[in-house]
Amino acid sequence: LSPISAPKGVKRNGSAKVKYHGKTSRGKGALDKAGYLCEYNTAHKSFISEKSGKPYMEPHHLIPISNQGLYEHDIDITSNLICLCPLCHKQIHHGRKPDVKKMLDTFFTAKRKRDLKTCGIEIDIETLYAYYDVF
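In short, a report on the structure. (Residues numbered from 1 in each chain as written. Predicted model: local features only at pLDDT ≥ 70, side-chain atom pairs only at ≥ 80, totals over all residues. Heavy atoms only, no water.)

**Considerations on the pattern of salt bridges**
Line of reasoning, step 1. The tally for this structure, following the rule as stated, stands at seven salt bridges.
Line of reasoning, step 2. Residue R96 pairs with D99 through a salt bridge whose shortest N-O separation is 2.9 Å.
Line of reasoning, step 3. The shortest N-O distance in the salt bridge between D133 and K97 comes to 2.7 Å. With D133 in the segment after α5 (125-132) and K97 in helix α3 (residues 97-107), the pair connects residues that are 36 residues apart, well separated along the chain.
Line of reasoning, step 4. Look at the salt bridges and you will find they share partners, linking R26, D74 and D76 into a network. (Salt bridge = Lys/Arg side-chain N within 4 Å of Asp/Glu carboxyl O. Helix = DSSP H or I, 4+ residues; strand = E, 2+ residues; numbered from the N terminus.)

See below:
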């Protein structure tokens, strides 16, 4: 765990908005770290992936990658990635605000906050709520 300089984003054609992309290898690292178990509820099951031979899970950036421009250091890091089953991944993006807030409370642990800080990323729960538009 150490700070990594923030990547440069890529501008979309015809847009002033900068787009950031996560690295597949870092997402896989987060899935490995979580043992291919949903970090919201380890009892959630998924099908076995043909490609990996492991339960199909999806990495999710706790601090959304679209906010990379607000940070001096890279937020596409294992400490900012969560392993979620497909249902929970859809819920954190499209679920009811109280449910999403509950998920964020589960993920934003003292250890995760400490690991992010070690990587040069400081954030509080209120800022995280604002990123997801939940209060």
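**A short note on the nonpolar core**
Line of reasoning, step 1. Core analysis: the largest hydrophobic core is formed by 32 residues, its most contacted members being L62, I63, I92, L104, L128 and Y132.
Line of reasoning, step 2. When residues of this core are traced back to their parent elements, those giving at least two are β4 (81-84), α2 (86-94), α3 and α5.
Line of reasoning, step 3. Excluding residues within four positions of it along the chain, L128 makes contact with L62, I63, L104, F108 and I123. (Core = buried A, V, L, I, M, F, W, Y, C linked by side-chain atoms within 4.5 Å. Buried < 20%, exposed > 50% of the residue type's maximum accessible area, 1.4 Å probe, protein only. Contact = heavy atoms within 4.5 Å.)

**Details of helix α4 (residues 110-118)**
Line of reasoning, step 1. Of all the residues in α4, the buried ones are R112, D115 and L116. Buried residues along α4 cover an arc of 100 degrees about the axis, so they all sit on one side. Those residues of α4 that are exposed and aimed more than 90 degrees away from the buried face are A110, R114 and K117.
Line of reasoning, step 2. The inward-facing, buried residues of α4 abut α1 (24-33), β4 and α3.
Line of reasoning, step 3. Two residues or fewer after α4 comes G120, characterised by a positive phi angle close to 85 degrees. (Arc of directions from axis to C-beta.)

**A word on unusual backbone geometry**
Negative phi values dominate among residues other than glycine, just as trans dominates among peptide bonds.
Line of reasoning, step 1. Of note in the backbone geometry, Y36 takes a positive phi value of approximately 55 degrees without being a glycine.
Line of reasoning, step 2. Of note, Y36 is situated in the loop between α1 and β3 (58-61).
Line of reasoning, step 3. Taking relative accessible area as the criterion, Y36 reaches 8% and is therefore assigned buried.
Line of reasoning, step 4. Phi is positive for D133, which is not a glycine, with a value near 60 degrees.

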